[in-house]
Amino acid sequence: MNHTSLLKKWLPGLALVLLAFISTPAHARNEPLYFALEVRRDGRLIAQPKLLGEAGRTLRAERRRPGATVADYRLVLTPKGEGDSFQLQVDLSLPEGEGHSQLALLHGQERKLQLGRVPGELEVSLLLMKVDSPEFRALMRLTEPEKTGTVKSVSCSI
């Protein structure tokens, strides 16, 4: 096989890959994202993960107590940027069951998802924010501990 026939064979495929890459805006491909979640089972709060991820990359989180053979929960988030919004796939596994949902979110938007068979059985509240945004920086300042350098009170029991 000579170089010309090889080029004719691979050039259309390469052109399609490059076109797909160029047509996707850079901010949608690699946008750093912040996720704040609350997971409730029958109204009881069971998890509150806060995660950093990236559009176009699957994010996996698991909580397992030391020595436990089964995880308390497994969470898989798959965000994809589409213009100003993000398409998000949410998969949650608990020892008692699992849930799946797909949704679209805007930056700063919070949604409640019902993942159980009946409303309230398995509920997830989800907030998505772009990391490089004024809203995210404001949220982080609100959650920072006071940095005054003074100790207000200390207690100890023996």
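For the structure, see preceding data.
Predicted model only: the values in this text are computed from it and were never measured.

Caption draft 1: Spatial organisation of the overall build of the chain. When you go through the chain residue by residue, the secondary structure sums to three helices and nine strands. Taken from N to C terminus, the helices and strands of the chain fall in the order α-α-β-β-β-β-β-β-β-β-β-α. The buried share among the 158 residues of the chain stands at 30%. Taking contacts inside the chain between residues at least 6 apart in sequence as the whole, the part at least 24 apart equals 35%. For the chain, the computed accessible surface area is about 11,100 Å², with 56% contributed by carbon and sulfur atoms.

Caption draft 2: Inspection of the pairing of strand S6 (residues 85-94) at higher detail. Pairing of strand S5 (residues 73-82) with S6 involves nine bridges; the strand directions are antiparallel. Across the sheet, the residue bridging to leucine 75 is leucine 92, located in S6. In textbook terms, the turn of a hairpin is the stretch between consecutive antiparallel strands, and for S5 and S6 this stretch comprises two residues, one of which, glycine 83, has a positive phi near 70°. Across 10 bridges, the pairing between S6 and strand S7 (residues 97-106) is antiparallel. Bridged to phenylalanine 86 within S7 is leucine 105.

Caption draft 3: Inspection of the nonpolar core at higher detail. Membership of the largest hydrophobic core comes to 26 residues, with the highest contact counts inside it found for Phe35, Leu75 and Leu77. At the level of secondary structure, the elements contributing two or more residues to this core comprise strand S1 (32-41), strand S2 (44-47), strand S4 (59-63), S5, S6, S7 and strand S9 (122-130). Per-element accounting of this core gives the leading share, five residues, to S6. Leaving out residues up to four positions away in the same chain, leucine 77 has contacts with Phe35, Leu37, Leu51, Arg57, Thr58, Leu59, Leu88, Gln89 and Val90. Judged by nonpolar contacts, the second largest core, of five residues, contains Tyr34, Ala36, Met129 and Phe136.

Cut-offs applied
- Residues numbered from 1 in each chain as written.
- Predicted model: local features only at pLDDT ≥ 70, side-chain atom pairs only at ≥ 80, totals over all residues.
- Heavy atoms only, no water.
- Helix = DSSP H or I, 4+ residues; strand = E, 2+ residues; numbered from the N terminus.
- Buried < 20%, exposed > 50% of the residue type's maximum accessible area, 1.4 Å probe, protein only.
- Contact = heavy atoms within 4.5 Å.
- Areas by Shrake-Rupley, 256 points an atom, 1.4 Å probe, with all protein chains shown as cover.
- Pairing = 2+ DSSP bridges.
- Core = buried A, V, L, I, M, F, W, Y, C linked by side-chain atoms within 4.5 Å.

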